[in-house]
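# Inside the fold
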Amino acid sequence: MEKIIRDLLILVLVFGGIVAGFVLLRQQFPDALSFGDEEEEEWSILSEEQEEVLGDFFMDELIDQNVIVSDSFVDSTMEILYTRLLEHSRLDRADISFHVVKDDAINAITLPGGNIVIFTGLIEFCDEPEQLAGVVAHELGHVYHNHVMEKLAREVGVTLILAALTGGDPGLIQQLSASLLSNVFSRGQETEADVYALDLLRDSNIHPWVLGEFFESLNEEDMSFDESLEWLMTHPHNEKRIAMSERYELPRDFEAEPLDVPLDEIMERI
Amino acid sequence: MMEEPLINDETLKYHPLPQPDEISDREKEDAMGAYLMMFAAVAVALPLPVINLLAAIIYYFVNRRKSRFIHFHSLQSLLSQLPTTFMSWGLLIWFVRIWILDLNEHNDYFTGYLIATVAANIIYFTFSIVAAVKARKGRMYYLIFFGRVSYEIVFAKKRGFTYQNEPVEQMENKPPR
């Protein structure tokens, strides 16, 4: 009997050891035994200029189909929010353009070329400017990690994107637009953007809990999904995101600085 | 020089092992079949590691009463493919989660598990072939762990199996209960 248990232990140790050994090896030497993540390399073959062209192209499409808010008061007050975040974002202000679009959807999207589109529905929905900052920080996370190009490369394919850049057919362009506007990032990308947003909020002296608050009010709006469906969804479920935001550890000397952006007045102007 | 006692612990607890010249060719072939059976089954359902398990279970229950030697080998074949089958199932589920449900679980643990599963399958196949060859020659062959468990189940005297090739002991007088 002892020998049977000994044999079993040997088997478990050998195969457990293979898994653990591999994971440890990769942690020590991240480049060792790499099996080439082709997907990651794929999007990088688009140069920055090409990405910018693609971004301009989609912005033109967006402007054709929607009303862009251009009001000096809105722009200048929103700029306070953008500046606060961008100062600590490790992103260049010149690389990012913000656009406010008249649309009732509670949403914000990221387009190629560092274009972040905020829907007026989102501004109306937010109780305080800090919550809006939380959502914008999340979108900045997508920009920082280049999720848009990763997503496009995965869903549409780089060759098709290149074809579209050099004057492609309208069906292709429609497919690209649909892919971008669907706003579906993979679950890992959403979590990555959340983590980035929480860090950025902390560095910008905005309480990271605002992100959780935002998701809580989304829940109250009954906009979230049934929890049992969560494993199917790509968005980390709101409950988990709320928990992540609440558990976020802050340094002891953290002091939140109020963000002076009058959302009500902005909404009146719109 | 000490004589080996005629009756030791081993002979009390376990049935004697059949020697190659006591085993018929038919038995040897059936024992070998237990291992080879699963190769055919795997080929039929390569991406779905379930047919081989079903085949092994059916083979086991059809053949186990034929003789102690066949019982041992078919049980060892069945037991030894349980872990690899379950590992392959785990891999399949993980694959589905990553590539169909698009969950971001393609991490080092997955790659490590993939390597371990492939290794387990290769080791299992290799030793199954060795075991099949040995069985054909009428030899016992013990795979690590599974060999001991199968021996324990098949040859321990407390198990009340009867085999077609062994005469049923006529016990009219029985010890007091």
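These figures come from a predicted structure and were not determined experimentally.

Helix and strand counts for chain A come out as 13 helices and three strands. In chain A, which comprises 270 residues, the proportion classed as buried is 30%. For chain A, long-range pairs separated by at least 24 residues make up 71% of all intrachain contacts whose partners lie at least 6 apart in sequence.

Looking only at helices and strands, chain B features six helices and zero strands. The order of helices and strands in chain B, counted from the N terminus, is α-α-α-α-α-α. Out of the 177 residues belonging to chain B, those deemed buried represent 32%. Relative to all contacts within chain B whose residues are 6 or more apart in sequence, the contacts with residues 24 or more apart total 69%.

This part covers the interface of chain B and chain A. In this assembly, 17 residues from chain B lie in contact with 18 residues from chain A. Only α5 (108–136) and α6 (146–155) of chain B provide two or more residues apiece to the side of chain B that touches chain A. The greatest single-element share of the side of chain B that touches chain A, amounting to nine residues, is contributed by α5 of chain B. Its residues assigned to classes, the side of chain B that touches chain A shows 11 nonpolar, three polar and three charged.

Another point: the nonpolar core. By size, the foremost hydrophobic cluster in this structure holds 47 residues, and its most contacted members are Leu 85, Ala 108, Ile 118, Leu 122, Ala 133, Val 136 and Leu 201 of chain A. Per-element tally for this core: the top contributor is helix α6 (residues 129–144) of chain A, with seven residues. Leu 75, Ala 131, Phe 146 and Phe 155 of chain B belong to the second largest nonpolar core, which has 26 residues in total.

Once that is clear, we can look at the confidence of the model for chain B. Residue and element names in this part refer to chain B. Looking at chain B as a whole, its pLDDT mean stands at 83, while 84% of the residues score no less than 70. Mean pLDDT in chain B bottoms out at helix α1 (residues 9–13), which sits at 72, and peaks at α6, which reaches 91. On the interface metric, ipTM, the complex scores 0.77, and its pTM is 0.52.

All names here are of chain B. At their nearest, the axes of helix α4 (residues 68–99) and α6 sit 9 Å apart, and the two run at 140° to each other. In terms of axis orientation, α4 runs oblique to α6. Regarding α4 and α6, the two cross each other, and that crossing is right-handed. Of the residues in α6, those touching α4 at Arg 68, His 71, Phe 72, Leu 75, Gln 76, Leu 79 and Ser 80 are Phe 146, Gly 147, Val 149, Ser 150, Tyr 151, Ile 153, Val 154 and Phe 155. Across the contact of α4 with α6, the residue classes break down as nine nonpolar, five polar and one charged.

Residues and elements named next belong to chain A. Judged by pairing direction, the sheet is mixed, and its three strands sit side by side in the order β1-β3-β2 without closing on themselves. In this open sheet, the two strands that pair with only one neighbour each are β1 (97–101) and β2 (108–111). Going from strand to strand, the sheet's axes swing by 20° on average, the running direction of each strand aside. Of the strand pairs in this sheet, β1 and strand β3 (residues 115–119) are connected by five bridges, and their pairing is parallel. Across the sheet, the residue bridging to Ser 97 is Asn 115, located in β3.

It is worth spelling out the pairing of β2 of chain A at this point. Residues and elements named next belong to chain A. Burial along β2 is two-sided: the face carrying Ala 108 and Thr 110 and the face carrying Ile 109 and Leu 111 are both buried. Taken together, the four bridges between β2 and β3 define a ladder with antiparallel strand orientation. The residue bridging Ile 109 from the neighbouring strand is Val 117, located in β3. The loop that links β2 with its antiparallel partner β3 comprises three residues; one of these, Gly 113, has a positive phi angle of about 75°.

Residue and element names in this part refer to chain B. It is the contact of helix α2 (residues 25–44) with helix α3 (residues 51–63), at a shortest axis distance of 8 Å, that shows an interaxial angle of 155°. Between α2 and α3, the interaxial angle falls into the category roughly antiparallel. The element α2 and its partner α3 pack so that their crossing is right-handed. Contacts between α2 and α3 pair Asp 30, Ala 34, Met 37, Met 38, Ala 41, Val 42 and Val 44 from the former with Ile 51, Asn 52, Ala 55, Ala 56, Tyr 59 and Asn 63 from the latter. A class-by-class count of the residues in the contact of α2 with α3 yields 10 nonpolar, two polar and one charged.

All right, on to the environment of Arg 84 of chain A then. Residue and element names in this part refer to chain A. In this fold, Arg 84 is placed in helix α4 (residues 72–86). Along the chain, Arg 84 and Ser 204 lie 120 residues apart, while their C-alpha atoms are 6.2 Å from each other. Arg 84 has contacts with Ser 204 and Leu 259, leaving out every residue within four places of it along the chain.

Attention now moves to the environment of Asn 107 of chain A. All names here are of chain A. Topologically, Asn 107 is positioned in the loop between β1 and β2. Accessibility expressed as a C-beta count within 10 Å gives 16 for Asn 107, which makes it partly exposed. In the structure, Asn 107 is positioned 12 residues away from Phe 119 in sequence and 5.8 Å away in space, judged by C-alpha atoms.

The next thing to look at is α6 of chain B. All names here are of chain B. Residues of α6 that are buried: Phe 146, Gly 147, Ser 150, Val 154 and Phe 155. Buried residues in α6, looked at end-on, bunch into an arc of 125°, giving them a common side. In the core, the buried residues of α6 are packed alongside α4.

All names here are of chain A. When helix α12 (residues 238–247) is considered as a whole, its buried residues turn out to be Asn 238, Arg 241 and Ser 245. Buried residues of α12, seen end-on, are gathered within an arc of 60° and therefore sit on one face of the element. Those residues of α12 hidden inside the fold are in contact with α10 (187–203) and α11 (209–220).

With that out of the way, let us pick up the environment of Gly 90 of chain B. Relative to the helices and strands, Gly 90 of chain B resides in helix α4. Each C-alpha atom of the pair Gly 90 of chain B and Tyr 113 of chain B lies 9.1 Å from the other, and the pair is 23 residues apart in sequence.

Here is what the cut-offs are and how they apply
- Residues numbered from 1 in each chain as written.
- Chains lettered and ligands numbered in written order.
- Predicted model: local features only at pLDDT ≥ 70, side-chain atom pairs only at ≥ 80, totals over all residues.
- Helix = DSSP H or I, 4+ residues; strand = E, 2+ residues; numbered from the N terminus.
- Buried ≥ 20, exposed ≤ 12 C-beta atoms within 10 Å, placed from the backbone.
- Contact = placed C-beta atoms within 7 Å.
- Nonpolar A, V, L, I, M, F, W, Y, C, P; charged D, E, K, R; others polar.
- Core = buried A, V, L, I, M, F, W, Y, C linked by C-beta atoms within 7 Å.
- pLDDT = per-residue confidence, 0-100.
- Axes fitted to C-alpha atoms, helices over the stretch in contact; angles between N-to-C directions.
- Parallel < 35°, antiparallel > 145°, perpendicular 65-115°, else oblique.
- Left-handed = near helix turned anticlockwise from the far one by under 90°.
- Pairing = 2+ DSSP bridges.
- Arc of directions from axis to C-beta.

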